[in-house]
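Survey of secondary and tertiary structure
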Amino acid sequence: MSPVVALTVAGSDSGGGAGLQADLHTFAAFGVHGTTAVTAVTVQNTVAVSAVHEIPPHLVGEQIRVVMEDLRPGAVKTGMLASAPIIQAISDAFRRHGIGRGGTIPLVLDPVCASMHGNPLLRPDALAELKAMFALATVVTPNLDETQLLVGTRDQRAAARALLELGPQYALVKGGHDSGPRSRDLLTDGSTELWLDAARIDTGNTHGSGDTLGAAITARLAGGDTLAEAAAVAKRYVTTAVATSYSVGAGHGPVGHPPAAEPVVRVEVPS
Ligand SMILES: Nc1ncnc2c1ncn2[C@@H]1O[C@H](COP(=O)(O)OP(=O)(O)O)[C@@H](O)[C@H]1O
Ligand SMILES: Cc1ncc(COP(=O)(O)O)c(N)n1
């Protein structure tokens, strides 16, 4: 029986904690076959990102094309996109292959702008292009630093409203960077509101938590969940991931990726 397949369009983190490495760990934890279109190679460890090498835009588009034509992912996620020409190439490929709104394949768009160390992962002149891409997304999943940059507020409800005006079906505003005893994320399509709530775990080792949440949503969407189902499962998974995070290196350690308690199960009727 062939597995469910998902695609991540993201940057490589040489430190192994975030980016496509976190996405692939998460897909594997859900029993999903992970594929990648690499946008950039970051020179990164637990302390900082010291350099970025961007992949030529047409090669990013080509990675998406060959994966779509051969492996047929059931859902797609984007992470670090680096530059405006890369975003344009990705948007073109998504439209061509029916990915995102207007197509049949759900798209989870994590608008990664900087690493948790504060190093930029998106060129400042690419912000407008990134926002234009939101209209393709099933869901956009910014953290509070990103909502500040994208729509000028850290208030989760106000941010979600402003994000939805840019055209995604859902906004999921993550509250990991908030203070307080709970870590609360808001999921809304403008008419319904779902608060994903968990106890805040006292750790600095949250590198890759946002990627892990988005990849878990993508894995479950690839398996056929609705977005609300996928987000609820993903929130439970990322809470376990933060709870199993560990120290490695001198800076922020990564979240763990234990086998998912609610993996994607393919049900196939024998012919
Ligand atoms: N210390 C923590 N304890 C529990 N959950 C956390 C913690 N930090 C982040 N999370 C959760 O991890 C996910 C990623 O959130 P966040 O850190 O805001 O995103 P990002 O990694 O993109 O900056 C969210 O579901 C958030 O609520
Ligand atoms: C290649 C890449 N993609 C994404 C992140 C964001 O993750 P975090 O916010 O945990 O630093 C990162 N640091 N590197």
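Everything in this summary refers to the structure shown in the same document. Quantities reported herein were computed from a predicted structural model and do not represent experimental measurements.

A closer look at the sheet that holds strand β6 (residues 139–140)
As summarised here, the arrangement of the 9 strands in space is β3-β2-β1-β4-β5-β6-β7-β8-β9, forming an open sheet in which the pairing is mixed. Edge strands, defined here as strands with exactly one partner in the open sheet, are β3 (49–54) and β9 (193–199). Relative to β3, strand β2 (residues 33–44) runs antiparallel, the two sharing 5 bridges. In the sheet register, Q44 faces β3, and the bridge partner there is V49.

Re the pattern of salt bridges
Taken as a whole and assessed by the stated rule, the structure comprises 13 salt bridges. Salt bridges here are not isolated pairs; linked through shared partners, they connect D23, K77 and D211.

Let's talk about the environment of S209
Mapping S209 onto the fold places it in helix α7 (residues 209–222). Sequence-wise, S209 and L186 are 23 residues apart; in three dimensions their C-alpha atoms are separated by 16 Å. Beyond its immediate stretch of four places on either side in the chain, S209 contacts V238, V242 and V255.

Some details on the layout of surface pockets
The computed volume of the largest pocket comes to approximately 950 Å³. Of all the elements in the fold, those that place two or more residues in the lining of the largest pocket are β1 (5–13), β2, α5 (144–151), β8 (182–188), β9, α7 and α8 (227–243). For the lining of the largest pocket, the residue count by class is 15 nonpolar, 20 polar and 9 charged.

Quick notes on the site of ligand 2
Around ligand 2 sit 14 residues, and of these Q44, M116, H207, G208 and D211 come closest. Taking M116, its main chain carries an N or O atom lying 2.8 Å from an oxygen atom of ligand 2. At a separation of 3.1 Å, an oxygen atom of ligand 2 approaches a polar side-chain atom of H207. Burial of ligand 2 by the surrounding chains reaches 92%, relative to a free accessible area of 360 Å². Its residues assigned to classes, the shell around ligand 2 comprises 5 nonpolar, 8 polar and 1 charged.

Side note on the pairing of β9
Note: β8 against β9, 7 bridges, orientation antiparallel. Counted as the bridge partner of R184 is D197 from β9.

Here's the deal with the site of ligand 1
Close to ligand 1 lie 16 residues; H177, S183, D185, I201 and G210 are nearest. Contact between ligand 1 and I201: a nitrogen atom at 2.8 Å from a main-chain N or O atom of the residue. Here ligand 1 loses 92% of its free accessible area of 550 Å² to cover by the protein chains. In this structure, ligand 1 is accommodated by the largest pocket.

Observations concerning the packing of aromatic side chains
This structure, assessed with the given rule, holds 1 aromatic pair. Ring geometry for F30 against Y237: centres 5.0 Å apart, planes inclined by 65°, an arrangement best described as edge-to-face. Of the two residues, F30 sits in the loop between α1 (19–29) and β2 while Y237 sits in helix α8, which places them 207 residues apart along the sequence. The same class applies to F30 as to Y237, namely buried. Across the ring face of W195, the terminal group of R184 is positioned such that the distance to the ring centre comes to 4.3 Å.

Some remarks on the packing of α5 against helix α6 (residues 156–164)
As a packed pair, α5 and α6 sit with axes 10 Å apart at the nearest point and diverge in direction by 50°. Classified by the angle between their axes, α5 and α6 sit oblique to one another. Crossing handedness for the pair α5 and α6: left-handed. In this structure, α5 contributes L144, T147 and V151 to the contact, and α6 contributes Q156, A159, A162 and L163.

Cut-off values and rules
Residues numbered from 1 in each chain as written. Chains lettered and ligands numbered in written order. Predicted model: local features only at pLDDT ≥ 70, side-chain atom pairs only at ≥ 80, totals over all residues. Heavy atoms only, no water. Pairing = 2+ DSSP bridges. Helix = DSSP H or I, 4+ residues; strand = E, 2+ residues; numbered from the N terminus. Salt bridge = Lys/Arg side-chain N within 4 Å of Asp/Glu carboxyl O. Contact = heavy atoms within 4.5 Å. 1 Å grid on protein atoms, 1.4 Å probe; cavity = no way out; pocket = protein on both sides within 12 Å on 5 of 7 lines; lining within 4 Å. Points joined across faces, edges and corners; volume = space filled by probe spheres on them. Nonpolar A, V, L, I, M, F, W, Y, C, P; charged D, E, K, R; others polar. Near = heavy atom within 4 Å. Polar contact = N/O pair within 3.5 Å; in protein donor to acceptor, adjacent residues only side chain to side chain. Areas by Shrake-Rupley, 256 points an atom, 1.4 Å probe, with all protein chains shown as cover. Sits in = over half its atoms within 2 Å of the grid points. Phe/Tyr/Trp six-rings, centres within 6.5 Å; stacked < 30°, edge-to-face > 60°. Buried < 20%, exposed > 50% of the residue type's maximum accessible area, 1.4 Å probe, protein only. Lys NZ or Arg CZ within 6 Å of the ring centre and 35° of its normal. Axes fitted to C-alpha atoms, helices over the stretch in contact; angles between N-to-C directions. Parallel < 35°, antiparallel > 145°, perpendicular 65-115°, else oblique. Left-handed = near helix turned anticlockwise from the far one by under 90°.

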